[in-house]
Amino acid sequence: TAAEYTVDLSDDFTGASTVKPGADYTFTAKDKHYDYTISAKMGSSTADVIDNGDGSFTIKNVTGNLTITDTKTPKSYTVTVNGTGKDDVTAAANATYLTAYTFTLTKDDKYTYTVSATVDGAAYTPTLASDGKTYTIAGTDVTGNIVITVTKDLKPVTTTEITFTGTGSADVNGGTT
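Report follows, based on the coordinates. Every chain begins its residue count from 1, and numbering advances along the sequence as written. At least 70 in pLDDT is required for a residue's local features to be given in this predicted model, at least 80 for side-chain atom pairs to be given and counted, and no such filter applies to totals for whole chains, interfaces and linings, which use all residues. For the side-chain quantities, the full set of heavy atoms in the structure was used; hydrogens and water were omitted.

Things to note about the nonpolar core
Residues belong to one nonpolar core when they are buried, are Ala, Val, Leu, Ile, Met, Phe, Trp, Tyr or Cys, and are joined through side-chain atoms within 4.5 Å. Classification of residues uses two cut-offs on accessible area relative to the type maximum, computed with a 1.4 Å probe and protein chains only: under 20% is buried, over 50% is exposed, and between them is partly exposed. Within the largest apolar cluster, 36 residues are counted, with the highest numbers of intra-cluster contacts made by Y25, F27, I59 and I68. A helix here means a DSSP run of H or I that spans at least four residues, while a strand means a run of E at least two residues long, and both kinds are numbered starting from the N terminus. Ranked by the residues each element gives to this core, the list is headed by strand 5 (residues 34-42), at 5 residues. A contact between two residues is defined here by any heavy atoms of the two lying within 4.5 Å. Once residues lying within four places of it in the same chain are set aside, the contact partners of Y25 are V7, L9, G15, A16, T18, V19, F57, T58, I59, V62, L66 and I68.

Below is the structure:
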């Protein structure tokens with residue numbers, strides 16, 4: 001009987017380097033913004049890996065040395081556009097971690113617009129390109145669901161006062177102003 005079994009763990013995770021016989025072994029992903037496909041061997045047999053749903057994984061009842069490897073894919077998050085100006089926005093429905101996310105706002109000259117965003121519930125200010133209509137969220141900041149809010153308000157009507165003077169001004173319907 002071994003005093004402890006060794007653990008050869010992928011660099012994408014943190015965890016102890018040994019585990020006691022019969023114990024459960026839990027390890028944690030260093031970056032929770034990836035989906036992981038994990039392969040584990042216990043001795044020469046394949047071991048079942050349980051996803052705990054919080055970025056940690058467990059192998060139950062260890063009976064041999066562990067070798068844990070993985071492949072990872074950046075997570076995809078949903079994008080929601082709302083507000084009175086949402087119909088003027090062109091945006092993809094999903095954003096992927098580490099890939100810059102862009103959306104465009106086609107403005108109507110009769111309105112003023114305000115653009116705000118949240119990423120995973122936290123306020124975020126997207127970068128506006130020099131064209132005045134393309135907004136970008138940096139790929140490293142795509143760390144949760146994105147909500148873009150665009151408010152659109154009608155510009156106030158501007159009026160100009162015209163005053164009629166002179167000998168024919170009395171003939172103007174509606175008065176001289």
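Let's pick the thread back up.
Some words on the pattern of salt bridges
A side-chain nitrogen of Lys or Arg and a carboxyl oxygen of Asp or Glu constitute a salt bridge if their distance falls within 4 Å. All chains considered together, the criterion is met by 4 salt bridges. E4 is paired through a salt bridge with K20; the nearest N and O atoms lie 3.6 Å apart. With a gap of 16 residues between them, E4 in the segment before strand 1 (5-9) and K20 in the loop between strand 3 (18-19) and strand 4 (25-29) connect regions that are remote in the sequence. A salt bridge links D24 to K60; its shortest N-O distance comes to 3.4 Å.

Brief notes about the packing of aromatic side chains
Aromatic pairs are defined between Phe, Tyr and Trp rings, using the six-membered ring for Trp, whenever the two ring centres lie within 6.5 Å; interplanar angles under 30 degrees are classed as stacked, those over 60 as edge-to-face, and all others as tilted. Scanning the entire structure with this criterion turns up 10 aromatic pairs. Ring centres of Y25 and F27 lie 5.9 Å apart, and the angle between their planes is 25 degrees; on these two criteria the pair is classed as stacked. Take Y25 and F27: they sit in the same class, and that class is buried. Where F27 meets F57, the ring centres are 5.6 Å apart and the plane angle is 25 degrees; that geometry is what we call stacked. Of the two residues, F27 is situated in strand 4 and F57 in strand 8 (residues 56-59); the sequence distance between them amounts to 30 residues. In this structure F27 comes out as buried when scored by relative accessible area, which is 0%. Only Lys NZ and Arg CZ are tested; either one counts as a charge over a ring when it is within 6 Å of the ring centre and within 35 degrees of the ring normal. In this arrangement the basic side chain of K72 is found over the ring face of Y34, its NZ or CZ atom lying 4.4 Å from the centre. Lying over the aromatic face of Y111, K152 brings its terminal NZ or CZ to 4.5 Å of the ring centre.

Digging into the environment of G139
Structurally, G139 can be placed in the loop between strand 17 (134-137) and strand 18 (146-154). Judged by relative accessible area, G139 falls into the buried class, the value being 9%. Residues G139 and T102 lie 37 residues apart in sequence; the distance between their C-alpha atoms is 9.8 Å. The contacts of G139, once residues within four sequence positions are left out, are Y97, L98, T99 and A100.

Considering the sheet that holds strand 1
Reading across from one edge, 3-1-9-5-6 is the order of the 5 strands in this open sheet, with mixed pairing throughout. Taken across any chain shown, the strands that pair with only one partner, and hence form the sheet edges, are strand 3 and strand 6 (45-46). Two strands are said to pair when DSSP picks up at least two bridges between them. Pairing of strand 1 with strand 3 involves 2 bridges; the strand directions are antiparallel. By the bridge assignment for strand 3, Y5 is matched with V19.

Some details on unusual backbone geometry
Backbone geometry at L98 places phi at a positive 70 degrees, although glycine is not the residue there. Here L98 is to be found in the loop between strand 12 (94-96) and strand 13 (101-105). Exposure remark for L98: the relative accessible area of 43% places this residue in the partly exposed category. One non-glycine residue, D120, lies in positive phi territory at about 55 degrees. Relative to the helices and strands, D120 is located in the loop between strand 14 (111-119) and strand 15 (122-124).

Quick notes on the layout of surface pockets
Within this scheme a cavity is a closed region of a 1 Å grid, computed over the protein atoms alone, that accommodates a 1.4 Å probe without allowing it to escape, whereas a pocket is open but has protein on both sides within 12 Å along at least five of seven lines; lining residues each have an atom within 4 Å of a point. Grid points are joined across faces, edges and corners, and a volume is the space filled by probe spheres set on the points. In this model, the largest pocket occupies a volume close to 180 Å³. Along its surface, the largest pocket is lined by A29, K32, Y34, D35, Y36, D51, G53, D54, G55, F57 and K75. Three classes are used: nonpolar for Ala, Val, Leu, Ile, Met, Phe, Trp, Tyr, Cys and Pro, charged for Asp, Glu, Lys and Arg, and polar for all others, with Gly counted as polar. Tallied by class, residues from the lining of the largest pocket come to 4 nonpolar, 2 polar and 5 charged.

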